[in-house]
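Here is how the chains run, residue by residue.
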Amino acid sequence: MEDRGQTIFVAGHRGMVGSAIVRCLQAQGHARILTADRQSLDLTDQAAVRRFFAENRIDQVYLAAAKVGGIHANNTYPAEFIHDNLVIQANIIHAAHLGDVDRLLFLGSSCIYPRHADQPMREDALLTGVLEPTNEPYAIAKIAGIKMCESYNRQYGRRYRSVMPTNLYGPNDNFHPDNAHVLPALMRRLHEAREAGRDSVTVWGTGRAMREFLHVDDMARSSVFVMDMDDALYAANTRPTLSHINVGTGVDCTIRELAEALARVIGYDGRLEFDASKPDGTPRKLMDVSRLSAMGWRPEIGLEEGLRQTYGWFLENQAHIRG
């Protein structure tokens, strides 16, 4: 059993993934969970991050802090997406090493894989082809994070691990009308259309692109599972230079099917119209999750169940949602 007395730093604890990891750790009995908001710790400030690690005896780090967004945000702010993510990762991983933190979990993204990777995408598809142009800067940053963890493991014997989640959703998601990912953006748009009595909602793209969706609470459980995994089991299923692990459901759907499921959950009975002049992004993004399944982990929350839970959270928290 994992030592519940260890100090665990969750970077990005206010975000969707970080907050879910905090909930998961608390549910498992961890009491010494260290967090820091942006006012108390600027993760892009190298000196401040080093001071933070020097002043706190940290045993584990969950690196869930990142600048994230959908197609529109990635297209609009590519410089911020590559710069901020590279700097945050480098600061935390190196400061963790200097502070003799032996265990760290880096959270990446399925966008690390080539645009036309064979489906479902296996871990060994990394760096085998051209990336999706709409999120290439973000993907490059995440690939660098994986390789930075591997490099510290190889040179210093650290136990820095990486998990690559599929598309995530759930409580504390970003529902901003311009910068959100497809699922929360559609959820908000359909909800507002129902409230306003609008007879149609426009969805970006053709609706034919396929995506896989994982509830963030399942992602949090998988993160803790991988962090706590026995070294022998981890080593048996990874390689020193191919150490990341896919996390997903292994099941996908079209954007049209997602929109229809959201309409059912929300109770919107208007028309769904698809704007083919807008980009679809990568045609399909389905994760091969056989590596993690072989290690003994599987998701628990189905898509429509997860959509109902998330919409319930959205309704309860509308006053605090940005945008």
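See the structure above.
The following refers to the structure shown. Note that this is a predicted model, so its numbers are computed, not measured.

Thresholds, definitions, all that
Counting from 1, residues in each chain are numbered in the order their sequence is written. Under the rules for a predicted model, residues below a pLDDT of 70 receive no local features and side-chain atom pairs below 80 are neither given nor counted, while totals for whole chains, interfaces and linings still include all residues. Water and hydrogen atoms were dropped before computing side-chain values, which therefore reflect all heavy atoms in the structure. Comment: elements are numbered from the N terminus, with helices defined as DSSP H or I runs of at least four residues and strands as E runs of at least two. In this treatment the radius of gyration is a C-alpha quantity, and the globule benchmark scales as 2.2 Å times the residue count to the 0.38 power. With a 1.4 Å probe rolled over the protein chains alone, any residue whose accessible area is under 20% of its type maximum counts as buried; one over 50% counts as exposed, and the rest are partly exposed. Any two residues having at least one pair of non-hydrogen atoms within 4.5 Å are treated as being in contact. Exposure was quantified through the Shrake-Rupley algorithm and a 1.4 Å probe, taking into account, for residues, occlusion by the shown protein chains and nothing else. Paired strands, as defined in this entry, are two strands with at least two bridges between them according to DSSP. Only the stretch in contact is used when a helix axis is fitted, and all axes are lines through C-alpha atoms; the angle between N-to-C directions ranges over 0 to 180 degrees. Think of a salt bridge as a Lys or Arg side-chain nitrogen and an Asp or Glu carboxyl oxygen that are within 4 Å of each other. Pairing of aromatic side chains requires ring centres within 6.5 Å, counting the rings of Phe and Tyr and the six-membered ring of Trp. Pairs whose planes differ by under 30 degrees are stacked, by over 60 edge-to-face, and all others tilted. Here, over-ring charges are defined by two tests on the NZ atom of lysine or the CZ atom of arginine: distance to the ring centre within 6 Å, and angle to the ring normal within 35 degrees. Helix crossings get a hand from a simple test, with the near helix turned counterclockwise from the far one by less than a right angle marking a left-handed crossing and a clockwise turn marking a right-handed one. All amino acids are sorted into three groups, where Ala, Val, Leu, Ile, Met, Phe, Trp, Tyr, Cys and Pro are nonpolar, Asp, Glu, Lys and Arg are charged, and the leftover types, Gly among them, are polar. Residues grouped as a nonpolar core are buried Ala, Val, Leu, Ile, Met, Phe, Trp, Tyr and Cys residues, joined through side-chain atoms within 4.5 Å. We call two N or O atoms a polar contact when they sit within 3.5 Å, provided that within protein one can donate a hydrogen and the other can accept it, with sequence-adjacent residues counted only if both atoms are side-chain atoms.

## As for the overall build of the protein
Reasoning step 1: Across its full length, the protein holds eleven helices and 13 strands.
Reasoning step 2: Compactness check: the protein gives a C-alpha radius of gyration of 19 Å against a globular reference of 20 Å for 323 residues, within 12% of the reference.
Reasoning step 3: Considering only C-alpha atoms, the protein reaches an extent of 60 × 40 × 40 Å along its principal axes.
Reasoning step 4: Across the 323 residues that make up the protein, the buried fraction comes to 53%.
Reasoning step 5: Contacts in the protein between residues far apart in sequence, at least 24 positions, make up 82% of those at least 6 positions apart.
Reasoning step 6: With an accessible surface of roughly 14,200 Å², the protein has 48% of that area assigned to carbon and sulfur atoms.

## Examining the sheet that holds strand E10 (residues 245–247)
Reasoning step 1: Across the sheet, six strands lie side by side as E2-E1-E3-E4-E5-E10; this open sheet has parallel pairing. Taken across any chain shown, the strands that pair with only one partner, and hence form the sheet edges, are strand E2 (33–34) and E10.
Reasoning step 2: Both strand E5 (residues 159–165) and E10 contribute to a ladder of three bridges, which runs parallel. Bridge pairing links Val 163 to Ile 245 in E10.
Reasoning step 3: In this fold helix H1 (residues 16–27) packs onto strand E1 (8–11), E2, strand E3 (60–63) and strand E4 (103–107), with an angle of close to 155° to the strand it touches most, E1.
Reasoning step 4: Helix H7 (residues 216–228) rests against E3, E4, E5 and E10 of the sheet, and its axis sits at about 145° to E4.

## Describing the pattern of salt bridges
Two side chains bearing opposite charge may form a pair once their charged atoms approach each other closely.
Reasoning step 1: For the structure on display, the rule yields 18 salt bridges.
Reasoning step 2: Taking the shortest distance from any N to any O, the salt bridge between Asp 37 and Arg 14 comes out at 3.8 Å. One end of the pair, Asp 37, is in the loop between E2 and helix H2 (46–55); the other, Arg 14, is in the loop between E1 and H1, and 23 residues separate them in sequence.
Reasoning step 3: Look at Arg 14 and you get exposed, because its relative accessible area is 62%.
Reasoning step 4: In this structure, the salt-bridge partner of Asp 102 is Arg 158, at a minimum N-O distance of 3.8 Å. Taken together, the positions of Asp 102 in the loop between helix H4 (78–98) and E4 and Arg 158 in the loop between helix H5 (136–156) and E5 put the pair 56 residues apart, joining distant regions of the chain.
Reasoning step 5: Relative accessible area serves as the criterion here: at 25%, Asp 102 is assigned to the partly exposed category.
Reasoning step 6: Overall, Arg 158 belongs to the buried group, its relative accessible area being 13%.
Reasoning step 7: Where salt bridges share partners, they join Asp 100, Asp 102, Arg 158, Arg 159, Arg 161 and Asp 231 into one cluster.

## Regarding the packing of aromatic side chains
Reasoning step 1: A full pass over the atoms with the stated rule returns nine aromatic pairs.
Reasoning step 2: Summarising the aromatic geometry, the rings of Tyr 311 and Phe 314 are spaced 6.1 Å apart at their centres and angled 15° between planes, so their arrangement reads as stacked. One end of the pair is Tyr 311 and the other is Phe 314, both in helix H11 (residues 303–316) and three residues apart, which spans about a single turn. Phe 314 matches Tyr 311 in its accessibility class, with the two residues each being buried.
Reasoning step 3: The ring of Tyr 77 carries Lys 67 above its face, with NZ or CZ at 5.8 Å from the centroid.
Reasoning step 4: Between Arg 161 and the ring centre of Tyr 234, over which it is positioned, the NZ or CZ distance is 4.2 Å.

## Topic: the packing of H2 against H4
Reasoning step 1: As a packed pair, H2 and H4 sit with axes 9 Å apart at the nearest point and diverge in direction by 35°. The handedness of the crossing between H2 and H4 comes out as right-handed. Counted together, Gln 46, Val 49, Arg 50 and Phe 53 of H2 and Asn 91, Ile 92, His 94, Ala 95, Ala 96 and Leu 98 of H4 form the full contact between these two elements.
Reasoning step 2: Tallied by class, residues from the contact of H2 with H4 come to six nonpolar, three polar and one charged.

## Points about the nonpolar core
The nonpolar side chains of a soluble globular protein tend to be buried, and buried together.
Reasoning step 1: In this structure, Phe 9, Phe 53, Val 61, Ile 92 and Leu 104 are the most contacted members of the largest nonpolar core, which totals 43 residues.
Reasoning step 2: Counting residues per element, the ones that place at least two in this core are E1, H2, E3, H4, E4, H5 and E5.
Reasoning step 3: The dominant element in this core, judged by the number of residues it contributes, is H5, at seven residues.
Reasoning step 4: If sequence neighbours within four positions are ignored, Phe 53 has contacts with Phe 9, Ile 58, Val 61, Ile 92, Ala 95, Ala 96 and Val 101.
Reasoning step 5: With 29 residues, the next largest nonpolar core counts Ile 8, Val 10, Met 16 and Cys 24 among its residues.

## A short note on the environment of Pro 114
Reasoning step 1: Position of Pro 114 relative to the elements: it lies in the loop between E4 and H5.
Reasoning step 2: Residue Pro 114 is classed as buried on the basis of its relative accessible area, which comes to 5%.
Reasoning step 3: Residues Pro 114 and Leu 126, spaced twelve residues apart in sequence, show a C-alpha to C-alpha distance of 7.1 Å.

## Points about the side chain of Arg 188
Reasoning step 1: Mapped onto the fold, Arg 188 is located in helix H6 (residues 182–196).
Reasoning step 2: Within the structure, Arg 188 has its side chain in polar contact with the backbone oxygen of Phe 175 (distance 3.0 Å).

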